[in-house]
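# Summary of the model geometry
Given next are the chains, with one letter for each unit.
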Amino acid sequence: MAFGSWRRRLRPRPLIQQLEIRDVVARALEFQARLAEARLEADAPEPGWYPWDSFGTLTRLNELLTGRHRFLDPMIGDDPVLDLGCGDGDLAFLFEDLGYRVCAVDHAATNYNRMRGVEALKIALDSSVRIEELDLDAEMALPVGRCGLALCLGILYHLKNPYGVLEGLSRRARYCLLSTAVTRFAPNAQADVNSMAAAFLAGRDGLRGDETNYWIFTETGLRTLADRCGWDVCDWMMVGAEDSILWNRQQDERVFCLLRSRVFETEAASQLVAGWHGLENGAWRWTAGKFSLEAPGGQRVCVKGTAPENLAFPVTLTAHVGETEIGHHILAHAGAYECAQMTPQGGPVRIDFAVDRVLPPDAEDGRERGLVVLGVEIG
C-alpha cells in the first residue's frame, strides 16, 4: 500500500463509515477470490499452502461481537493490528485491505510451511504487511510497541507459556480477539471439571497426536487466566465442533472471545453502538427504529441524513441520555434533515435515538428501517 494511502488512512474514517463486522465478512468473501488468484500466481511452498480455513473465524465473530464492539475503528484506532500465529497471513492481508497497518507474526519452526507461504503471498499481493519471525515462548519481544487489536486465534494451546504471553500481550494490545479449544472433563473423560480454574498439560503425543499442543484449559480456567493476565471480557461464546473429538470421547469445544486490556485507558471517542444496518455505497446507513451511539460529554451531536419518501409523515425523532430527553425533532416531510442536540457535561455518554415510524420488513428487504443517515457531526 502506497504511503499516500496510509496517510489518508491515518485521518479517522467519518463515523458513519466505520466498518461493522458484517461489512468485514462481506469484504472477506470478496478478498478470498483475490487470495486464490495470488496463490495461483505464486510458487507453492513446501509442503503446500496452509490447509486450514482462516476466514471461517470471521463468521464466528459476526455471532460473537455485540454492540459497540461490532465496529472495528474504535477498537483499533490509528494503531496497527497484530496477527499472532498468522499461518499464510490470510487475515493479515485482509485487514490491510480494510485499510489498517498490520504486523504478521509466526514461528517458522512450527509454521506449516516455515512461513514461506506468507512471504510468497506478500510478494504476489504487493503487500506492505510487516512479517516477523518470533518464538513467543522464547521471548515476549513483540515487534510493535502497541497495537489496537491483537488476533490470537487458535494458538493458545500451542504455547508452552500461555500465561506469560497473554500477560505480555496485555501491555501492548488494547483489544484481543482470542479463540482456543477448552475441555469440560478431565482426561479420563468422566470427571466434570468445567467449574474449576484448571488446565491440563498434554503428554509427548500432544492432543490428538499433535506434539505442538501443550495446554488445554477449562472454560473457567481460561476466564481466570484472562483476568489474571490483565484482560476484561467484552464478549464470550462457546462453540461445539462435532467432527473433532478430545480425550477420545468428548466432543471438542472452542471459546471465541473479545478481551480488553486493563492496561490501556480508553479515550473518549464517538462510535456507533447499536441499531445501525450495514454501510451502503461506502457512504450511508439505514438505521432501525431505535439506534444509539456514544459521544463525548458537553458536545453538539448532529445526525444528518434523509427521510425516505415512503414513511408516513410527520416522523418524530427523539434522543435520550438515560432517562433524560436531550433532543426532540419533527420531520414533516421526506428529504434531507439535520437533527442536533447537546450531550450532558462529563465523560462519554450513550445517546439512544428512536423514530416513531419505520418501514417494516417486506419481501424486498427483511430489515426494519427508520432513517437513512449520511453522517454524524460531533462538536
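Presented here is a report on the structure given in the accompanying data block. (Residues numbered from 1 in each chain as written. Predicted model: local features only at pLDDT ≥ 70, side-chain atom pairs only at ≥ 80, totals over all residues. Heavy atoms only, no water.)

Helix-helix packing is described using two parameters, namely the angle between the two axes and the distance between the axes. At a minimum axis separation of 9 Å, helix α2 (residues 21-41) and helix α3 (residues 56-64) run at an interaxial angle of 165°. Of the possible angle classes, the one that applies to α2 and α3 is roughly antiparallel. By crossing handedness, the relation of α2 to α3 is classed as left-handed. Contact residues: I21, R22, V25 and A28 in α2; L58, L61 and N62 in α3. (Axes fitted to C-alpha atoms, helices over the stretch in contact; angles between N-to-C directions. Helix = DSSP H or I, 4+ residues; strand = E, 2+ residues; numbered from the N terminus. Parallel < 35°, antiparallel > 145°, perpendicular 65-115°, else oblique. Left-handed = near helix turned anticlockwise from the far one by under 90°. Contact = heavy atoms within 4.5 Å.)

Next up on the list: the pairing of strand β17 (residues 372-378). Within a regular beta strand, the side chains point alternately toward one face of the sheet and then the other, so they alternate between its two faces. Here 2 bridges tie strand β11 (residues 285-295) to β17, and the two strands are oriented antiparallel to one another. Bridge pairing in β17 places R285 opposite V373. Note that strand β12 (residues 300-307) and β17 share 6 bridges and pair antiparallel. Its bridge partner being in β17, V303 is matched across the sheet by V376. (Pairing = 2+ DSSP bridges.)

A full pass over the atoms with the stated rule returns 5 aromatic pairs. The interplanar angle of 80° and the centroid separation of 5.8 Å between the aromatic rings of W52 and Y112 together place this pair among those described as edge-to-face. Of this pair, W52 sits in the loop between α2 and α3 while Y112 sits in the loop between β2 (102-106) and α6 (116-124), and the two are 60 residues apart along the sequence. W52 sits in the exposed class, given a relative accessible area of 54%. Between F95 and Y100, the ring centres sit 6.3 Å apart and the planes meet at 45°, which makes this aromatic pair tilted. By the burial criterion, F95 is buried, and Y100 matches it. Among the aromatic residues, those joined into a cluster by ring pairs are Y50, W52 and Y112. (Phe/Tyr/Trp six-rings, centres within 6.5 Å; stacked < 30°, edge-to-face > 60°. Buried < 20%, exposed > 50% of the residue type's maximum accessible area, 1.4 Å probe, protein only.)

It is worth spelling out the side chain of H329 at this point. If you trace the backbone, H329 turns up in strand β14 (residues 324-331). Taking the relative accessible area as the measure of exposure, H329 reaches 14% and is therefore buried. A distance of 2.7 Å separates the side chain of H329 from the side chain of Q341, its partner in a polar contact. If near-sequence neighbours (up to four positions away) are discounted, H329 is found in contact with V315, T316, L317, C339, A340 and Q341. (Polar contact = N/O pair within 3.5 Å; in protein donor to acceptor, adjacent residues only side chain to side chain.)

Counting residues in each nonpolar core, the largest one holds 46 residues, and the members touching the most others are L94, F95 and L177. Discounting chain neighbours no more than four positions away, the residues touching F95 are L72, I76, V81, Y100, V102, L149 and L151. One finds C152, V182, L222 and L225 within the second-largest nonpolar core, a separate group that totals 31 residues. (Core = buried A, V, L, I, M, F, W, Y, C linked by side-chain atoms within 4.5 Å.)

What follows deals with the pattern of salt bridges. Evaluated as defined, the whole model comprises 22 salt bridges. The residue D23 makes a salt bridge to R285 at a minimum N-O spacing of 3.6 Å. Taken together, the residues D23 in helix α2 and R285 in strand β11 connect sequence positions 262 residues apart. A salt bridge links D362 to R369; its shortest N-O distance comes to 3.1 Å. Looking at R369, the relative accessible area reads 9%, which means it is buried. Each of D227, D232, R260 and R262 takes part in one network of salt bridges that share partners. (Salt bridge = Lys/Arg side-chain N within 4 Å of Asp/Glu carboxyl O.)

Our next topic: unusual backbone geometry. Along the chain, E46 connects to P47 via a cis peptide bond; the corresponding omega equals 5°. A cis amide bond links F313 with the next residue in sequence, P314, at an omega value of 5°. You can see P314 is positioned in the loop between β12 and β13 (315-321). Despite not being glycine, R114 shows a phi value in the positive range, around 60°. Inspection of the secondary structure assignment puts R114 in the loop between β2 and α6. The phi dihedral of M115 is positive, around 70°, even though this residue is not glycine. Within the secondary structure layout, M115 lies in the loop between β2 and α6.

Looking now at α2. Its 21 residues give α2 an end-to-end C-alpha distance of 30 Å, which sits within 8% of 30 Å, the value for a rise of 1.5 Å per residue. Approximately 25° is the largest bend angle found in α2, and it occurs at E30. The inward-facing, buried residues of α2 abut α3, α4 (72-76), α5 (90-97), α6 and β11. Looking at where α2 begins, the residue whose side-chain oxygen comes 2.8 Å from the main-chain nitrogen of R22 is E20. (Expected span 1.5 Å × (residues − 1). Bend = angle between axes of the 7 residues up to and from the residue.)

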